[in-house]
Amino acid sequence: GMDQARFLAPVAGHQQRGGVRHLAINTAWLGEQIPQHFGSALAGSGQAPMHLHYSQEGLDFGGALETAGGIARALPWLADTFWVAAGDVFAPDFEFSPEALARFEASPQLAHLWLVPNPAHNVGGDFGLSAEGLALNLPKATTTQALYTFSTIALYKRAFFQAAWCDIPAGNPAGVKAPLAAMLRAAMDQGAVSASLYSGAWTDVGTPERLAQLNQI
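Quick caveat, the model's predicted, so the values are computed rather than measured. (Residues numbered from 1 in each chain as written. Predicted model: local features only at pLDDT ≥ 70, side-chain atom pairs only at ≥ 80, totals over all residues. Heavy atoms only, no water.)

(A) A look at the environment of glycine 200. Position of glycine 200 among the secondary structure elements: in the loop between β10 (193-197) and β11 (203-204). Along the chain, glycine 200 and valine 116 lie 84 residues apart, while their C-alpha atoms are 8.3 Å from each other. (Helix = DSSP H or I, 4+ residues; strand = E, 2+ residues; numbered from the N terminus.)

(B) Layout of the side chain of serine 97. Following the sequence through the fold, serine 97 ends up in the loop between β5 (89-90) and α5 (98-106). A relative accessible area of 9% means that serine 97 is categorised as buried. Among the polar contacts made by the side chain of serine 97, one reaches the main-chain amide nitrogen of alanine 100 at a distance of 3.0 Å. (Buried < 20%, exposed > 50% of the residue type's maximum accessible area, 1.4 Å probe, protein only. Polar contact = N/O pair within 3.5 Å; in protein donor to acceptor, adjacent residues only side chain to side chain.)

(C) The arrangement of the pattern of salt bridges in detail. Going through the model one piece at a time under the given rule, you end up with two salt bridges. In this structure, arginine 73 engages aspartate 60 in a salt bridge whose closest nitrogen and oxygen atoms are separated by 3.3 Å. Highlighted residues: arginine 73 in helix α4 (residues 66-74) and aspartate 60 in helix α3 (residues 57-61), separated in sequence by 13 residues. Residue classification places arginine 73 among the partly exposed positions, given a relative accessible area of 24%. (Salt bridge = Lys/Arg side-chain N within 4 Å of Asp/Glu carboxyl O.)

(D) The sheet that holds strand β9 (residues 149-157), seen in detail. Ordered by their spatial adjacency, four strands build an open sheet running β4-β9-β6-β10, and the pairing between neighbours is mixed. In the strand order of this sheet, the two ends are held by β4 (81-84) and β10, each with one partner. Across this sheet, the average inter-strand angle for adjacent strands is 20 degrees, counted without regard to direction. The pairing of strand β6 (residues 111-116) with β9 spans five bridges and is antiparallel. Along β9, the bridge assignment pairs alanine 111 with tyrosine 156. (Pairing = 2+ DSSP bridges. Axes fitted to C-alpha atoms, helices over the stretch in contact; angles between N-to-C directions.)

(E) Representation of the nonpolar core in the model. With 30 residues, the main nonpolar core has Leu113, Tyr156, Phe160, Phe161 and Leu184 as its most contacted residues. Excluding residues that lie within four positions of it along the chain, tyrosine 156 makes contacts with Asp80, Thr81, Phe82, Val84, Phe104, Leu110, Ala111, Leu113, Phe150, Phe161, Leu180 and Leu184. By size, the runner-up hydrophobic cluster in this structure holds 23 residues, among which are Tyr54, Ala100, Phe104 and Leu155. (Core = buried A, V, L, I, M, F, W, Y, C linked by side-chain atoms within 4.5 Å. Contact = heavy atoms within 4.5 Å.)

(F) The packing of aromatic side chains, seen in detail. The tally for this structure, following the rule as stated, stands at 13 aromatic pairs. Here the aromatic rings of phenylalanine 82 and tyrosine 156 are separated by 6.1 Å at their centres, their planes lie at 40 degrees, and the arrangement is tilted. With a gap of 74 residues between them, phenylalanine 82 in strand β4 and tyrosine 156 in strand β9 connect regions that are remote in the sequence. Measuring from ring centre to ring centre gives 6.2 Å for tyrosine 156 and phenylalanine 160, while their planes differ by 10 degrees; the resulting arrangement is stacked. (Phe/Tyr/Trp six-rings, centres within 6.5 Å; stacked < 30°, edge-to-face > 60°.)

(G) Local environment of the environment of phenylalanine 150. Note on placement: phenylalanine 150 falls in strand β9. Those residues within four positions of phenylalanine 150 in sequence are excluded, and the remaining contacts are Leu113, Trp114, Leu115, Asp126, Phe127, Tyr156, Leu184 and Trp202.

(H) Looking closely at unusual backbone geometry. Phi at leucine 30 is positive, roughly 55 degrees, even though this residue is not glycine. Structurally, leucine 30 is set in the loop between β1 (22-27) and α2 (33-38). Note on leucine 30: relative accessible area 33%, which makes it partly exposed. One non-glycine residue, asparagine 172, lies in the positive phi region at around 40 degrees. Here asparagine 172 shows up in the loop between β9 and α6 (181-188). Using a relative accessible area of 1% as the deciding quantity, one classes asparagine 172 as buried.

What follows is the structure, encoded as structure tokens:
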């Protein structure tokens, strides 16, 4: 709802400054408030307008389709290489840079993740990071290597959401709900996911308590 709109606006603004001209927004709980608030375009000072497209999962299917299902649903609107970020992460200094996108496009990998130091609500972390810059699917219980938390900010190639990796057809007409983590871990095992560490301010505003803590900063 409107709390999410507070975080979508700066994320969208950063993407706009990075040259993004079309933004697909997946909505579910209270999702009707998002298009009511933003409309069909986001104007920025000195920037070309960014056109907004809405995938209203709550209206279409009665609830969220999770990350992989949601991306597959929005795939017809997306470029061959595209950014993804959760609408409820606060990362005011992150740069959605054209240079990062170009480097990723030229790489053999299918996904590039930004990892962050582990917050209190995810002290065990999610993924490892090799010296060569590959994301690693490591067992939390036994690994001695450092694990980091996935920020939700990432670049993906359309090929990652096609038949060899994802069995949901483009557009996800049946509204299949599917998480992304299993796909990412399988791709990591094939060396198909790269990653960077991001040490700037980052908060996953996933609960009212974390929102209250952020508002106190």
